[in-house]
Amino acid sequence: MPELKIVGLFLVTALAEIIGCYLPYLWLREGKSIWLLVPAALSLSLFAWLLSLHPTAAGRVYAAYGGVYIFMAILWLWAVDGIRPTVWDMVGSGVALLGMAIIMFAPRGS
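Residues numbered from 1 in each chain as written. Predicted model: local features only at pLDDT ≥ 70, side-chain atom pairs only at ≥ 80, totals over all residues. Heavy atoms only, no water.

Within an unreviewed UniProt entry, the label attached to the chain reads YnfA family protein, and the organism entered is Methylophaga marina. Here the chain is described in UniProt, under the heading Subcellular location (unreviewed entry), as follows: "Cell membrane". In the Sequence similarities (unreviewed entry) part of its UniProt record, the chain is described as follows: "Belongs to the UPF0060 family." (UniProt positions renumbered as here; feature names shortened; annotations may be inferred.)

What follows is about the environment of Ile-18. Mapped onto the fold, Ile-18 is located in helix H1 (residues 2-30). With a relative accessible area of 7%, Ile-18 lands in the buried category. Separated by 10 residues in sequence, Ile-18 and Leu-28 place their C-alpha atoms 15 Å apart. If we ignore the near neighbours within four places in the chain, the residues touching Ile-18 are Tyr-69, Met-72, Ala-73 and Trp-76. (Helix = DSSP H or I, 4+ residues; strand = E, 2+ residues; numbered from the N terminus. Buried < 20%, exposed > 50% of the residue type's maximum accessible area, 1.4 Å probe, protein only. Contact = heavy atoms within 4.5 Å.)

Moving on, we get to the nonpolar core. In terms of nonpolar packing, the biggest core is built from 17 residues, with Phe-10, Tyr-65, Val-68, Met-100 and Met-104 touching the most fellow members. At the level of secondary structure, the elements contributing two or more residues to this core comprise H1, helix H2 (37-51), helix H3 (58-79) and helix H4 (87-105). Not counting chain neighbours up to four residues away, the residues in contact with Met-100 comprise Val-7, Phe-10, Ala-64, Gly-67, Val-68 and Phe-105. (Core = buried A, V, L, I, M, F, W, Y, C linked by side-chain atoms within 4.5 Å.)

Counting across every chain of the model gives five aromatic pairs. Judged by centre distance (6.1 Å) and plane angle (40°), the ring pair of Phe-10 and Tyr-65 falls under tilted. Of this pair, Phe-10 sits in helix H1 while Tyr-65 sits in helix H3, and the two are 55 residues apart along the sequence. Taken individually, Phe-10 and Tyr-65 each receive the classification buried, so the pair is uniform in this respect. Both rings, one in Phe-47 and one in Tyr-65, keep their centres 5.8 Å apart while their planes meet at 45°; by these two values the pair is tilted. Here Phe-47, found in helix H2, pairs with Tyr-65, found in helix H3; they are 18 residues apart in sequence, far enough to count as distant. Tyr-65 shares its class with Phe-47; the two are buried. Linked through ring pairs, Phe-10, Phe-47, Tyr-65 and Tyr-69 together constitute an aromatic cluster. (Phe/Tyr/Trp six-rings, centres within 6.5 Å; stacked < 30°, edge-to-face > 60°.)

Our focus in this paragraph is the side chain of Glu-17. Following the sequence through the fold, Glu-17 ends up in helix H1. An unpaired buried charge is present at Glu-17: no salt bridge exists, and Arg-29, the closest side chain of opposite charge, is 17 Å distant. Within the local environment of Glu-17, its side chain forms a polar contact with the side chain of Tyr-65, the two groups lying 2.3 Å apart. (Lys, Arg positive; Asp, Glu negative; His and termini not counted. Salt bridge = Lys/Arg side-chain N within 4 Å of Asp/Glu carboxyl O. Polar contact = N/O pair within 3.5 Å; in protein donor to acceptor, adjacent residues only side chain to side chain.)

Here is the structure:
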C-alpha cells in the first residue's frame, strides 16, 4: 500500500508542476491574461510542498519524480493539447516509470 501512496503523491505533484508551468505559457505564448500567473504561482508552491512530503532522501525523490513527470507530461499532451502520443512516447513513458519504480522501490541495504 505505501507504494500506491507514493505513486499517487508523485502524480498529484506532477500535475501541480505542469499546471504551474502551463499557465505562464498561456500568458506568454497565447496572449492570455497576466492574472494566470497567480494560480501558476500557487500551483508551483503546491508542487514544492508536495515534494517535501515524501519519506525518503530528497535526491532520490527528485530523481524518481522525473519518471512520473515524463508520464504525466505525455498524458497532458494528449488530454490538453489534443495530440495523441506516439508508440515511442508511450514506450519512453514506460521506461521512465520503470526507472522511477527501480529508484523508489528497490530494496535498500543498511
